[in-house]
Amino acid sequence: MKNNFLKTATVCLAGIAVLFCITSCKKDFFEKKLYGIQDQAQTIKDEPTALTLVNGCYALADGTDWYSGPFERQMLECSTDDGWGGNDYQDRPTEIGSMAFTNVLNADNSYVRYLYEVLYQGVRNCNNTISVIPKAPINDGLKARIIGEAKFLRAYYYFELVKNYGDCVLYTDLPTSDQLIPRSPAKDVYAQIVVDLKEAAAALPEKDVYSAPDKGRASKGAALGMLAKAYLFMEDYPNAEATANLVIQSAKYSLLPNFGDLWKPDNPWSNESLFEIGYLPDTKFSTGTRATTMTWATSDGGWGWFGLTSNLENAFNNEGDTIRRGYTIVKEGQPVAGESRIFPAYNNQHTSGRHSRKLYVPVAERGGFYGNQPYNQIILRYAEVLLIYAEAAAFNAHNAEALTQLNTVRNRVNLPAKTGLSGDGLKTAIWNERRLEFAAERTYRWDDIRRIKVNGKKLISTLMGSAGTFVLYNTTQNTDPVETLPHRENRNKGIEFKEGINELWPIPRNVIQASGGKVTQNNGY
């Protein structure tokens, strides 16, 4: 369950959300009765109902359950050199195959469809709010803030869509029942994301203006941070550097002195957090984040999915990065960083025996087994803003500025400063830093290896495929005692990666059918 200002979102969605779903399995979703905007506006009688409406925009930010957001994001992250699917005691060919780029990653894949649907449901709720609120009988200040929140979230949903599916069905109003909308080029989607985030930044207050019950709402800093990230992905490095610098110069955020404090369940909404999804655990109703349950070993009350690789652990060791390694990777049979406990082993029933420390909840603080964990999901944090700035500055040949912020992040974990770097060497150092800083968080590595280019080639194409360095590491060099055992998950995971195809997920078949063919499929699917 999301934090307190979201508790009424379900009522909102049931009572006043538009009954339009861009991903219905039949064409008749265009024929459903569409409640008029004016009728919806008349249901907004006061500030509480207006806030309930915008709360519905937040409700889809991490999916509606384990299978419609958290699971897919972890599947994507485990399609990289950082992760294994794990879970060696169940035969789940769709899940393991999707992470390995086999032919089960296709237009009929249920996870491909679930993520696509939930993101467009978020877009729908935001469009509804932006259309309705201008007519609501509430004060202009609150009206502007609510619209700003909805525009921030719409940008977030479209950012997730364009990163993972490419060209998008782009709409910013409430389509009428006879509209069939084709996909818009990715560049147009990014242009809309930029517009929304600029307008959100202009309308939203700073994070520290919100009172305690409203912690977690989108803020000016969150909008600017997300805008800087969008510019980075667009390869608009001057704007990425300048926008990230606005967040830095605001002095509203700072790195926590101790890296491990970021992952404490009792430390939500910290000074390092620009935007995060809050959860209220409830054992009776089995609410809370499912991400923890999915990643814990089965010997620790979890499902055993999404193990981490020895390749990632080697990257930490090569950098001498013991602090972040300890708070990223917990190994079966070894101590858990920050807790006086040995992580229980499960007789090599997971692909690597390495699990995510970032999604680990100390035993004394757990809410129960299935979900109901008191653990927020950080979407954007200040360390990323610093590394966005550093990367953009490096591309802009502002080497000293790039090194300053790169070393700010390294200093927090007691690593020596990088000096004398420029050009490709500086960029590589920043990309390596991103891998170590954000490993096992959301889809950071998945996003990075699909956008980073080395000698004109996307990094994912050098890691995966028959000649990929990650594939060759596992098949010819890896001596890890667990990873080299027979598992349901093949050691050559990634060998079936197809360049020019698997950088994106396919468009769900039901969407293409429902559009009458106006929505086209991605290349190769």
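Our subject is the structure that appears above.
A brief report on the enclosed structure follows. Everything numeric here is computed off the predicted structure, so don't read it as measured data.

This paragraph deals with the side chain of Q74. Along the chain, Q74 turns up in helix α4 (residues 70-77). Residue contacts for Q74: discarding those within four places in its chain leaves A291, M294, T295, F306 and L359.

Moving on, we get to the side chain of R450. Of note, R450 is situated in helix α17 (residues 444-451). Here D447 takes part through its side chain, which lies 3.0 Å from a polar atom of the side chain of R450. Separated by 2.9 Å, the side chain of R450 and the backbone oxygen of E503 make a polar contact.

So, about the packing of helix α3 (residues 47-58) against helix α7 (residues 140-165). The N-to-C vectors of α3 and α7 enclose an angle of 10 degrees; their axes lie 9 Å apart at closest approach. Overall, the two elements α3 and α7 adopt an arrangement that is roughly parallel. In contact with E47, A50, L51, V54, C57 and Y58 of α3, α7 contributes L142, R145, I146, E149, A150, L153 and Y157. Among the residues forming the contact of α3 with α7, the class breakdown is ten nonpolar, no polar and three charged.

A few words now on empty space enclosed by the protein. Inspection of every chain in the model, using the stated rule, returns five cavities of 30 Å³ or more. Every residue lining the largest cavity is counted, 31 residues in all, and those nearest its centre are L359, Q377, A440, E441 and R442. Counting residues per element, the ones that place at least two in the lining of the largest cavity are α4, α11 (291-295), β5 (305-308) and β8 (377-381). Per-element accounting of the lining of the largest cavity gives the leading share, four residues, to α4. Partitioned by chemical class, the residues of the lining of the largest cavity number 13 nonpolar, nine polar and nine charged. Looking at the second largest cavity, the residues that line it are R73, Y156, F159, E160, K163, M226, K229, I379, R442, T443, Y444 and D447. Elements supplying a minimum of two residues to the lining of the second largest cavity: α7, α9 (220-233) and α17. Looking at the lining of the second largest cavity, the element that brings in the most residues is α7, giving four residues. Classifying every residue of the lining of the second largest cavity gives five nonpolar, one polar and six charged.

Rules used in this analysis
- Residues numbered from 1 in each chain as written.
- Predicted model: local features only at pLDDT ≥ 70, side-chain atom pairs only at ≥ 80, totals over all residues.
- Heavy atoms only, no water.
- Helix = DSSP H or I, 4+ residues; strand = E, 2+ residues; numbered from the N terminus.
- Contact = heavy atoms within 4.5 Å.
- Polar contact = N/O pair within 3.5 Å; in protein donor to acceptor, adjacent residues only side chain to side chain.
- Axes fitted to C-alpha atoms, helices over the stretch in contact; angles between N-to-C directions.
- Parallel < 35°, antiparallel > 145°, perpendicular 65-115°, else oblique.
- Nonpolar A, V, L, I, M, F, W, Y, C, P; charged D, E, K, R; others polar.
- 1 Å grid on protein atoms, 1.4 Å probe; cavity = no way out; pocket = protein on both sides within 12 Å on 5 of 7 lines; lining within 4 Å.
- Points joined across faces, edges and corners; volume = space filled by probe spheres on them.

Shape descriptors only; they carry no functional weight alone.
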